[in-house]
Amino acid sequence: MHQGLTEDEIKAMTLASEKAISYRQNISRRSVTAKISIDEAVKRFRNPLPDQGMNGHEVIADMIREADDGLTQMSSGNYYGYVLGGSHPIGVAADMMVSAWGQNAGSALETPAISGLERAVCDWVIDLLDLPKESGAGIVTGATVANAEGILAARHQLLKQQQWDVEQDGLFGAPEIPVFIGDAAHSAPFAALRYAGFGAGRLQRLKVDQEGRIEVQPFLRILEKCEAPPLVILQAGQINSGAFDYFAQIIPAVHALGGWVHIDGAFGLWLAAVPELATRLEGVHEADSWAIDLHKWLNAPYDAGLAIVRNRSALVASMSARGAYLPDTSSQWEPSDSTIELSRRARGVPSYAIMRHLGRSGVRELIARHCRLAKQIAGELAAEPGLHVLNEVVANQVALTCGEGEERNSLTNRVLDEVQKRGIVYPSHGEWHGHMIIRISVICYATTDQHAQTLVDEIIQAWRLVQKHCC
Ligand SMILES: *Cc1c(COP(=O)(O)O)cnc(C)c1O
């Protein structure tokens, strides 16, 4: 029987694609900020499910209309909040096909086309970042899970070295693994370490410098007294400063002890793709595993990230639901052997389309442009009396405070409130060295010099306004 689509289904899908286009076409004319509160949204949507269904295209039309004022325009070139990518339209187009195709990407045998596309994504990212070609890679929801995968692969390998089979025998009674992590690490690897059974209270947090980098000499002295091969988590791209740990000095010392180095490179690892910026991450490719987001700097639509592990068999042994098993030929590459999930959407496919669209030079241009703009923004803001940039701008992040002395935190908050209320641009808040900060992340594919100028103008105007009202 011909399955076909009903009139209603065709209308629903057509409407969605038309509305998707008009949303993105007009995104820069909207207020960046959502107009309703979560309470209003809950009141609007969280009602009992009616007994009777309704036409599909009306559901889609209602949903789009009712969600409209409750969206923050995260894909706008004027959005600088947190560290979020902008869902590149070519990735969105590919993502529509991901949903339409409805493939379960867990099995290569069942969906060879998707596995081919996703393997290209793994190869391309590994190649762009100059990581070891033989690495295993898992396409996951983001850096949180990618960090967890790197840490689970490390757990497997470090215990195997001590003749302990953690997949079989678990952690009770296992030899101890000393775990070191910088004090300015992101919350995600801390969570990942908890998931992996290391326990938040057992981690050894390392002292960091002004930029959030682990202090090398004190750490090397700690390592000298380390009695078992350690797991060390380093960071490429601190969330407030954008800083990179001293990979070239730390990684060889950890390896000399038989340890494992995992890199949380959610956004910052992308600098490794740009030859003139890659020197800031010198030595990073000597690590054992890396977590990187595709939905941040590559601007893939949510959600997508990559776990990359040099020793592929350690990744497979820790992930495969089929138990420790080592495929001997590349044709036996099975997607679910590298991920926590079995069933999953083909979340690598939009990244294929974006990278194919941009090419190597386009990806490099994107990263380089954002780093250049971040520096420019920081320079112009710092030139305004009373505004202070707290970080060395080595990537795409700028940490800003307003005013001096005791007033500083409240002035910074008021400036941020004012900027967000105006709705033209959207940086977000943060906390750095005990100060409230306005955190600017230049990461959306659409952000150009003109957007950057608007951001600077908006912040300076808000700062002058706040001063007039307070002082
Ligand atoms: C965003 C981020 C994470 C978490 O990544 P998700 O994609 O949100 O899961 C981890 N580490 C760093 C440094 C990040 O910036």
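Structure shown above.
Conventions adopted
- Residues numbered from 1 in each chain as written.
- Predicted model: local features only at pLDDT ≥ 70, side-chain atom pairs only at ≥ 80, totals over all residues.
- Heavy atoms only, no water.
- Helix = DSSP H or I, 4+ residues; strand = E, 2+ residues; numbered from the N terminus.
- Rg over C-alpha atoms; globule rule 2.2 N^0.38 Å.
- Buried < 20%, exposed > 50% of the residue type's maximum accessible area, 1.4 Å probe, protein only.
- Contact = heavy atoms within 4.5 Å.
- Lys, Arg positive; Asp, Glu negative; His and termini not counted.
- Charge placed at Lys NZ, Arg CZ, Asp CG, Glu CD.
- Near = heavy atom within 4 Å.
- Polar contact = N/O pair within 3.5 Å; in protein donor to acceptor, adjacent residues only side chain to side chain.
- Areas by Shrake-Rupley, 256 points an atom, 1.4 Å probe, with all protein chains shown as cover.
- Nonpolar A, V, L, I, M, F, W, Y, C, P; charged D, E, K, R; others polar.
- Phe/Tyr/Trp six-rings, centres within 6.5 Å; stacked < 30°, edge-to-face > 60°.
- Pairing = 2+ DSSP bridges.
- Axes fitted to C-alpha atoms, helices over the stretch in contact; angles between N-to-C directions.
- Core = buried A, V, L, I, M, F, W, Y, C linked by side-chain atoms within 4.5 Å.
- Expected span 1.5 Å × (residues − 1).
- Bend = angle between axes of the 7 residues up to and from the residue.
- Salt bridge = Lys/Arg side-chain N within 4 Å of Asp/Glu carboxyl O.
- Disulfide = S-S within 2.5 Å.
- Parallel < 35°, antiparallel > 145°, perpendicular 65-115°, else oblique.
- Left-handed = near helix turned anticlockwise from the far one by under 90°.

**Q** Go over the overall build of the protein chain, please, and point to the residues and values.
**A** A tally of helices and strands in the protein chain yields 15 helices and twelve strands. Relative to its length of 471 residues, the protein chain is compact, with a C-alpha radius of gyration of 24 Å against a globular reference of 23 Å. With the C-alpha coordinates of the protein chain rotated into their principal frame, the extents come out at 75 × 60 × 45 Å. Across the 471 residues of the protein chain, 53% fall into the buried class. Across the protein chain, contacts joining residues at least 24 apart in sequence account for 73% of those joining residues at least 6 apart. Averaging the coordinates of the 42 positive side-chain charges in the protein chain and doing the same for the 55 negative ones gives two points 3 Å apart.

**Q** So, the site of the ligand: which residues are in play, and what are the values?
**A** Around the ligand, 13 residues are found, and the nearest of them are Thr144, Asp264, Asp293, His295 and Lys296. Here an oxygen atom of the ligand sits 2.6 Å away from a polar atom, N or O, in the side chain of threonine 144. Contact distances for the ligand include 2.7 Å between a nitrogen atom and a side-chain N or O atom of aspartate 264. Contact with the protein chains removes 85% of the 380 Å² of surface that the ligand exposes when unbound. A class-by-class count of the residues in the shell around the ligand yields five nonpolar, five polar and three charged.

**Q** Go over the environment of leucine 281, please, and point to the residues and values.
**A** In this structure, leucine 281 sits in the loop between helix H11 (275-278) and strand S7 (289-293). Through-space distance from the C-alpha of leucine 281 to that of serine 17 is 41 Å; in sequence the pair is 264 residues apart. When neighbours within four sequence positions are excluded, leucine 281 is seen to be in contact with Ala236, Phe244, Phe247, Gly268, Leu269, Leu271 and Ala272.

**Q** Residue-level account of the packing of aromatic side chains, with values.
**A** As enumerated under the stated definition, the model contains four aromatic pairs in all. A centroid spacing of 5.1 Å and a plane angle of 10° characterise the contact between tyrosine 79 and tyrosine 426, whose relative ring orientation is stacked. Highlighted residues: tyrosine 79 in strand S1 (residues 79-80) and tyrosine 426 in strand S11 (residues 426-432), separated in sequence by 347 residues. Just as tyrosine 79 is buried, tyrosine 426 falls in that class too.

**Q** Please give an account of the sheet that holds strand S3 (residues 179-182) that cites residues and values.
**A** The strand order across the open sheet built from seven strands is S2-S8-S7-S6-S5-S3-S4, with neighbouring strands paired in mixed fashion. With one partner strand each, in any of the chains shown, strand S2 (136-140) and strand S4 (204-206) form the two edges of the open sheet. The average undirected angle you get between the axes of adjacent strands in this sheet is 20°. Pairing between S3 and S4: three bridges, direction parallel. If you follow isoleucine 181 over to S4, its bridge partner there is arginine 205. Across the sheet, helix H8 (residues 187-195) lies against S3, S4, strand S5 (231-235) and strand S6 (260-264), angled at about 165° from S3, the strand it touches most. Where helix H10 (residues 247-256) meets the sheet, it contacts S5 and S6, and its direction lies at approximately 145° from that of S6.

**Q** Explain the nonpolar core to me, using residue names and the numbers behind them.
**A** Here is a general trend for soluble globular proteins: nonpolar side chains tend to be buried in one another's company. Counting residues in each nonpolar core, the largest one holds 57 residues, and the members touching the most others are Ile263 and Trp270. Apart from residues lying up to four places away in sequence, isoleucine 263 is in contact with Asn147, Leu234, Ala236, Phe247, Ile251, Val284, Ala287, Ser289, Trp290 and Ala291. One finds Leu373, Ala378, Val415 and Leu416 within the second-largest nonpolar core, a separate group that totals 27 residues.

**Q** Could you give an account of helix H13 (residues 349-382), with specific residues and numbers?
**A** For H13, spanning 34 residues, the distance from its first C-alpha to its last is only 41 Å, which falls clearly below the expected 50 Å at 1.5 Å a residue. Of all the bends found along H13, the most pronounced is centred on glycine 359 and spans about 95°.

**Q** I'd like to hear about the pattern of salt bridges, residue by residue, with values.
**A** Scanning all chains against the criterion turns up 18 salt bridges. One salt bridge in this structure joins arginine 30 and aspartate 68, with 2.4 Å as the shortest N-O distance. Taken as a pair, arginine 30 in the loop between helix H1 (7-25) and helix H2 (38-45) and aspartate 68 in the loop between helix H3 (56-67) and S1 lie far apart in primary sequence, 38 residues in all. You can call arginine 30 partly exposed: its relative accessible area is 24%. Note on aspartate 68: relative accessible area 33%, which makes it partly exposed.

**Q** How would you explain the state of the cysteines if you had to name every residue and give the values?
**A** All told, the structure shown has zero disulfides when counted by the stated rule. Note on cysteine 444: no disulfide assigned, nearest cysteine sulfur contributed by cysteine 371 at a separation of 15 Å. Classification of cysteine 444 as buried rests on a relative accessible area of 1%.

**Q** Hey, could you go over the side chain of serine 428 for me, with residue numbers and the actual values?
**A** Checked against the element boundaries, serine 428 lands in strand S11. Using a relative accessible area of 0% as the deciding quantity, one classes serine 428 as buried. Filtering out sequence-adjacent residues up to four positions away, serine 428 remains in contact with Tyr80, Gly81, Tyr82, Leu416, Gln420, Ile437, Ile438 and Arg439.

**Q** Go over the side chain of threonine 412, please, and point to the residues and values.
**A** In this structure, threonine 412 sits in helix H14 (residues 408-422). A polar atom in the side chain of threonine 412 sits 2.8 Å from the backbone oxygen of arginine 408. Beyond its immediate stretch of four places on either side in the chain, threonine 412 contacts Leu400, Thr401, Cys402, Met436, Ile437 and Ile438.

**Q** Which residues make up the sheet that holds S11, and what values go with them?
**A** Taking strand neighbours across the sheet as the criterion, the five strands line up as S1-S11-S12-S10-S9 in an open arrangement whose pairing is mixed. Only two strands of the sheet have a single partner each, and these edge strands are S1 and strand S9 (387-389). Bridge count between strand S10 (residues 397-402) and strand S12 (residues 435-441): four bridges; the pairing is antiparallel. Among the inter-strand pairings, leucine 400 is bridged to a residue of S12, identified as isoleucine 438.

**Q** So, the packing of helix H6 (residues 143-160) against H8: which residues are in play, and what are the values?
**A** It is at 8 Å that the axes of H6 and H8 come closest, and there the two elements cross at 45°. Judged by the angle between their axes, H6 and H8 are oblique. Relative to H8, the crossing made by H6 is right-handed. Between H6, through Thr144, Asn147, Ala148 and Ile151, and H8, the contact on the second element is made entirely by Ala188, Pro189, Ala192, Leu193 and Tyr195.

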